[in-house]
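What the coordinates show
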Amino acid sequence: MKELLVYIKEYTRECILGPFFKLLEACFDLAVPLVMASVIDKGIASGDKGYIFKYGGILILLAVIGLTCSITAQFFAAKAATGFAANIRYALFKHIESLSFTEMDSIGTSTMITRMTSDINQLQSGVNMALRLFLRSPFIVFGAAVMAFTIDVKAAVIFVIVIPLLAIVVFGIMLASMPLFKKVQSRLDNVMGITRQNLTGVRVIRAFNKEPAEIENFADSNEKLASMQLFVGRISALANPVTYVMVNIALIALLWTGGIQVDAGNLTQGEIVALVNYMSQILVELVKLANTIVLSTKAVACGGRVQAILAVNSSMEEGDYSSVSTAEGGLEVEFEHASMMYKGAGADSVSDISFKAGPGSVTGIIGGTGSGKSTLVNLIPRFYDVSEGCVKVGGRDVKSYKMDTLRQKTGIVLQKSVLFHGTIRDNILWGNPDATDEEVIEALKAAQAWEIVQGKEKGLDYVIEQGGRNLSGGQKQRLAIARALVRKPPVLVFDDSSSALDFATEAKLRKSLQELEYNPTIFIVSQRTSSIQHADNILVLEDGVLVGQGTHEELVNNCEVYKEIYNSQS
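Residues numbered from 1 in each chain as written. Predicted model: local features only at pLDDT ≥ 70, side-chain atom pairs only at ≥ 80, totals over all residues. Heavy atoms only, no water.

1. As for the pattern of salt bridges
Keep this limit in mind: Here, a salt bridge means any side-chain nitrogen of Lys or Arg that lies within 4 Å of a carboxyl oxygen of Asp or Glu. Counting from the N terminus, the helices are the DSSP runs of H or I reaching at least four residues and the strands are the DSSP runs of E reaching at least two. For every residue, the accessible area obtained with a 1.4 Å probe (protein chains only) is divided by the maximum for its type, and the residue is called buried under 20%, exposed over 50%, and partly exposed between those limits.
Under the definition given, this model contains 16 salt bridges. A salt bridge links K79 to E14; the shortest N-O distance between them is 3.2 Å. Within this pair, whereas K79 is found in helix α2 (residues 49-98), its partner E14 is found in helix α1 (residues 12-46), the two being separated by 65 residues in sequence. When its relative accessible area of 36% is taken as the criterion, K79 is described as partly exposed. K224 is the partner of D220 in a salt bridge, and the nearest nitrogen-oxygen pair spans 3.7 Å. Taken together, the positions of D220 and K224, both in helix α8 (residues 211-237) and four residues apart, correspond to about one turn of that helix. The class for K224 is partly exposed, based on a relative accessible area of 45%. Because the salt bridges share partners, they merge into one network encompassing K22, E25, D29, R136, E285 and K288.

In structure tokens form, the structure reads like this:
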């Protein structure tokens with residue numbers, strides 16, 4: 001948690017002024033019982049209305065000043081807490097963006113979402129309460145005890161006994177509940193994961209009539225979360241009744257002792273009222289402190305979870321080479337005995353792959369499901385790093401490049417075409433923010449997507465919904481291809497990105513790729529031999545191993561795996 005405090009440094013002034021004004025308010029609150037005692041003993045006892053009105057006015061003034069201080073303190077505390085949360089949220093998002101796919105796979109999407117939302121919200125609430133009450137409440141408690149000593153030492157002994165006992169209860173509950181809050185947030189991660197899985201896969205769930213099973217699964221996970229929350233809630237809820245009982249017992253003892261002292265003439269009625277008020281203040285502030293500690297306990301637990309993500313470092317080291325020569329248009333890509341194993345996997349996903357692809361060439365990659373096709377092309381832009389061997393782009397190991405330099409030179413269209421909320425133009429400009437409308441249209445035409453734009457009422461200004469929900473699968477794929485083409489990258493990777501296209505449209509797309517003027521190095525991953533049979537070189541993968549390499553004609557004659565795939569599709 002302490003590592004996160006760096007994100008509140010710019011709000012140091014607010015962190016000082018918030019508690020300061022709360023302490024000012026506390027000082028005025030501590031003065032109220034003494035003024036009340038004076039009104040009772042001198043004003044009411046003697047029937048002096050002028051005295052009563054005078055000190056009544058002082059009480060009103062103290063209340064107004066206290067209210068002003070409280071509002072001011074709340075303003076500074078809220079500003080610091082919201083700013084703190086905003087800084088952490090930004091830092092966490094930025095850090096997650098810097099992580100490699102390996103770390104993202106290990107952490108999990110639902111966990112990262114929970115920590116970006118629920119955990120940071122708990123942190124914000126905890127900091128807000130801490131700035132307002134963490135100093136004020138103890139100050140009132142001990143201040144009330146000191147003021148009680150100025151009134152009567154014997155009565156004040158009760159304060160000395162009850163305050164440590166109350167502290168033991170409050171802090172004991174805090175220590176008991178802190179580790180449990182971590183478990184609550186962990187179970188919330190699980191519920192979030194099930195929810196996300198169901199919402200993204202709702203069509204499959206309904207297609208297989210699995211709603212009852214998924215509802216039961218969610219109910220079980222939700223019940224576990226609720227049970228843990230109830231268990232923690234019961235422990236936290238002990239704070240209020242236990243402190244009330246202890247303080248009420250102390251009040252009875254105080255009234256008993258005070259009554260004896262009044263009868264003996266050692267105390268006045270006003271002073272007894274003041275002592276009772278001080279004890280009541282202690283009760284109220286300890287209840288507030290208990291609630292603050294509960295919130296702070298949650299905040300500390302959540303802060304630890306956020307810090308755990310920030311402590312995860314990317315397994316990929318940034319290179320320092322920031323320029324790439326592209327005199328020939330495309331870039332040579334070379335794999336030298338490259339192997340790659342996913343974290344936690346028992347075997348390599350691709351093993352000992354070697355080949356070379358020159359500028360202007362088209363390399364096809366084919367193989368069965370799980371053969372390592374996507375893994376192979378993901379090594380080019382360094383989505384993952386090789387575990388053995390190396391991958392070179394432009395004659396240099398990809399690890400030597402700066403990430404943005406390497407990826408700026410690589411245009412990739414992934415298996416799942418992801419579009420973002422915004423216009424068609426906005427989505428295409430992701431590939432090249434400086435592209436003109438003419439360049440956007442050129443890319444759309446090359447990707448066989450211009451007819452999509454022409455069919456929309458607003459053309460390039462047609463608004464795409466989040467995830468491209470208002471487009472078909474084929475339309476999303478073509479727009480994603482256009483987004484890659486508008487950059488005019490030296491290396492183009494198409495990872496099974498034409499699977500939703502009909503054969504005629506795919507043939508037009510292949511032709512337009514061959515006619516690209518800037519001579520890029522192209523990789524096409526596909527399940528269909530028709531998509532890659534015109535490639536200059538075809539790689540055939542089976543269980544991560546390169547079992548064949550050559551042209552279509554060569555592989556049909558010499559590679560049994562390729563021949564089997566081709567014959568099954570012919």
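2. Overview of the packing of helix α5 (residues 136-151) against helix α6 (residues 153-200)
What counts, and what does not: Every axis corresponds to a line fitted to the C-alpha atoms, with the helix fit spanning only the stretch in contact, and the corresponding angles, defined between N-to-C directions, vary from 0 to 180 degrees. Roughly parallel refers to an angle under 35 degrees, roughly antiparallel to one over 145, roughly perpendicular to one between 65 and 115, and oblique to any angle outside these ranges. Helix crossings are classified by the rotation of the near helix relative to the far one: an anticlockwise turn of less than a right angle makes the crossing left-handed, while a clockwise turn makes it right-handed. By the convention used here, residues are in contact when the closest approach between their heavy atoms is within 4.5 Å. Amino acid classes used here: Ala, Val, Leu, Ile, Met, Phe, Trp, Tyr, Cys and Pro are nonpolar; Asp, Glu, Lys and Arg are charged; the rest, including Gly, are polar.
Direction vectors running N to C along α5 and α6 enclose 160°, while the axes themselves pass 8 Å from each other. Judged by the angle between their axes, α5 and α6 are roughly antiparallel. Between α5 and α6 lies a crossing whose hand is left-handed. Taken together, the residues of α6 that come into contact with α5 (itself represented by V141, F142, A144, A145, A148 and F149) are V153, A156, F159, V160 and I163. Across the contact of α5 with α6, the residue classes tally to 11 nonpolar, no polar and no charged.

3. Section: the nonpolar core
Counted only if it meets this: For the purposes of this section, nonpolar cores are sets of buried Ala, Val, Leu, Ile, Met, Phe, Trp, Tyr and Cys residues that join through side-chain atoms within 4.5 Å.
F159, L166, L254, L275, Y278, M279 and I282 are the most contacted members of the largest nonpolar core, which has 50 residues in total. Breaking this core down by element, the ones donating at least two residues are α1, α5, α6, α8, α9 (239-263) and α10 (269-310). Counting 44 residues, the second-largest nonpolar core is a separate cluster that includes A447, L471, A482 and Y562.

4. Side note on α9
For the record, the criterion: Take the number of residues in a helix, subtract one, and multiply by 1.5 Å to get its expected span.
The end-to-end C-alpha distance of α9, which contains 25 residues, comes to 36 Å, matching closely the 36 Å that a straight helix rising 1.5 Å per residue would cover. Among the structural elements, α6, α8 and α10 are those in contact with the buried residues of α9. Directly after α9, the chain includes G265, whose backbone phi takes a positive value near 85°.

5. A short note on the pairing of strand β11 (residues 537-542)
Put simply, the rule is: For two strands to count as paired, DSSP must find a minimum of two bridges between them.
Of all six residues that make up β11, five are buried, and the element is covered over most of its length. Bridging between strand β3 (residues 362-367) and β11 involves five bridges; their strand directions are parallel. Bridging across to β11, G364 finds its partner in I538. Relative to strand β12 (residues 545-550), β11 is paired through five bridges, and the arrangement is antiparallel. Paired with E542 across the bridge in β12 is V545. Connecting the antiparallel pair β11 and β12 is a turn made up of two residues, with D543 showing a positive phi of about 55°.

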